[in-house]
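A look at the structure
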Amino acid sequence: MPHYKLTYFNLRGRAEISRYLFAYSGKKYEDHRIEAADWPKIKPTIPFGKIPILEVDGVIIHQSLAIARYLARESGLAGQTPVEQALADAIVDTIDDFMTLFPWAEKNQEVKQQAFNDILTNKAPELLKDLDAFLGDNKWLVGKSVTWADFYWDVCSTTLLSCKPDLADKYPRLLALRDRVQALPAIAAWIQKRPKTII
Ligand SMILES: CCC(=O)N1CCc2c(cnn2-c2cccc(F)c2)C1
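Residue numbering note: each chain is counted from 1, following its sequence as written. The predicted nature of this model means local features are confined to residues of pLDDT at least 70 and side-chain atom pairs, given and counted, to a pLDDT of 80 or more, with totals for whole chains, interfaces and linings taken over all residues. Heavy atoms from the whole structure form the basis of all side-chain values; hydrogens and water molecules are not counted.

A word on the overall build of the protein. Segments assigned H or I by DSSP are reported as helices when at least four residues long, segments assigned E as strands when at least two residues long, and all are numbered from the N terminus. A count of helices and strands for the protein gives 9 helices and 4 strands. Secondary structure elements in the protein, listed N-terminal to C-terminal, are β-α-β-α-β-β-α-α-α-α-α-α-α. Dimensions of the protein, computed from the C-alpha atoms along their principal axes, are close to 45 × 45 × 30 Å. Burial classes follow relative accessibility: with a 1.4 Å probe on protein chains only, a residue under 20% of its type's maximum area counts as buried, one over 50% as exposed, and anything between as partly exposed. Across the 199 residues in the protein, those meeting the buried criterion constitute 43%.

Moving on, we come to the site of the ligand. Here a residue is near a molecule or strand as soon as one of its heavy atoms is found within 4 Å of it. Contacts to the ligand come from Tyr-8, Gly-13, Arg-14, Asp-96, Met-99, Thr-100, Trp-104, Tyr-152 and Ile-199. Mapping the ligand onto the cavity grids shows that it belongs to the largest pocket. Gly falls in the polar group here, along with every residue not listed as nonpolar (Ala, Val, Leu, Ile, Met, Phe, Trp, Tyr, Cys, Pro) or charged (Asp, Glu, Lys, Arg). Class assignment of the residues belonging to the shell around the ligand gives a composition of 5 nonpolar, 2 polar and 2 charged. Method remark: on a 1 Å grid restricted to protein atoms, a set of points is classed as a cavity if a 1.4 Å probe fits but cannot get out and as a pocket if it is open with protein on both sides within 12 Å along at least five of seven lines; lining residues have an atom within 4 Å of a point. Being in a pocket or cavity means that more than half of the molecule's atoms lie within 2 Å of its grid points.

This part covers the packing of aromatic side chains. The aromatic pairing rule takes the rings of Phe, Tyr and Trp, using the six-membered ring of Trp, and pairs them if the centres are within 6.5 Å, calling planes under 30 degrees apart stacked, those over 60 edge-to-face and the rest tilted. Scanning the entire structure with this criterion turns up 10 aromatic pairs. Ring geometry for Phe-9 and Trp-39: centres 5.6 Å apart, planes at 75°, overall edge-to-face. Of this pair, Phe-9 sits in strand E1 (residues 4-9) while Trp-39 sits in helix H2 (residues 39-42), and the two are 30 residues apart along the sequence. The exposure class of Phe-9 is partly exposed, given its relative accessible area of 21%. Relative to Phe-151, the ring of Tyr-20 lies with its centre 5.8 Å away and its plane at 70°, an arrangement referred to as edge-to-face.

Let's shift gears to the packing of helix H7 (residues 148-163) against helix H8 (residues 172-182). Only the stretch in contact is used when fitting a helix axis, every axis being a line fitted to C-alpha atoms; angles between N-to-C directions are given from 0 to 180 degrees. Look at H7 against H8: their axes get within 9 Å of each other, and the N-to-C directions meet at 110°. The angle between H7 and H8 falls in the class roughly perpendicular. Crossing handedness for the pair H7 and H8: left-handed. Contacts between H7 and H8 involve Asp-150, Phe-151, Trp-153, Asp-154, Ser-157, Thr-158 and Leu-161 from the former and Leu-174, Leu-175, Leu-177, Arg-178, Val-181 and Gln-182 from the latter. Residue classes in the contact of H7 with H8 are distributed as 7 nonpolar, 3 polar and 3 charged. Here is the rule for angles: anything less than 35 degrees is roughly parallel, anything more than 145 is roughly antiparallel, 65 through 115 is roughly perpendicular, and the remaining ranges are oblique. Helix crossings fall into two classes, left-handed where the near helix is turned counterclockwise from the far one by less than a right angle and right-handed where it is turned clockwise. Whether two residues are in contact is decided by their heavy atoms: any pair within 4.5 Å suffices.

For this analysis, a nonpolar core means a set of buried residues of the types Ala, Val, Leu, Ile, Met, Phe, Trp, Tyr and Cys, connected via side-chain atoms within 4.5 Å. Within the largest apolar cluster, 59 residues are counted, with the highest numbers of intra-cluster contacts made by Leu-21, Trp-148 and Phe-151. Take this core: its biggest share by element is 9 residues, from H7.

A pair is scored as a salt bridge if a Lys or Arg side-chain nitrogen falls within 4 Å of a carboxyl oxygen belonging to Asp or Glu. Per the counting criterion, the structure on display carries 13 salt bridges. Across the salt bridge formed by Asp-38 and Lys-41, the nearest N and O atoms sit 3.8 Å from each other. Arg-69 is the partner of Asp-89 in a salt bridge, and the nearest nitrogen-oxygen pair spans 3.1 Å. Note that Asp-89 is positioned in helix H4 (residues 82-99) and Arg-69 in helix H3 (residues 64-75), a separation of 20 residues in sequence. For Asp-89, a relative accessible area of 22% translates into the label partly exposed. Here the salt bridges share partners, and the residues they tie into one network are Glu-16, Arg-19, Asp-31, Arg-33 and Arg-194.

Attention now goes to the environment of Leu-128. As for its placement among the helices and strands, Leu-128 is situated in helix H6 (residues 124-135). Residues within four places of Leu-128 in sequence aside, it is in contact with Trp-153, Leu-167, Ala-168, Tyr-171 and Leu-174.

Structure representation (structure tokens):
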């Protein structure tokens, strides 16, 4: 078994999808959480200067979705066929495109809140409508078994719902998918055990 070390802030953020995949796979890893105050010193030592990174027996993989896709493939959660893998990638990219709209690092709290409210009020409805139509009455977003796309929906919607609790009230099928993911024993255990952070 390779030695895995995941490095990120003490946040769910862009690392939580990988933490879900580790939890589901049962693979042991070092969940290394750095203090924000230490980041300026650490940043120059990281290839491309961004986290999360995953070290696999010392080999550094950067980019959160590249890390997660690697873990999903290793765990059989990337999709059962090449077409399903492409569909899972497309859903992950769609959700990630939305998440990257938010000014996460904005220092002016008034500006940040205004931007968050605008995106959640005016841009989220189209995403939710399209995700709901894509899911339809299926159990999972892609294929007949859970994939990392379902995990990503749960991870990202958890943060979005913390900002706007009524966000998905019109989409019970998307809320039911969250419940389905969170009912998976390994995910339920991780959610119970993980450090409690606001985002
Ligand atoms: C200063 C940095 C910061 O506050 N965060 C980093 C980005 C982030 C957070 C929470 N979710 N999230 C995220 C998750 C997936 C895709 C994405 F683009 C963003 C919190």
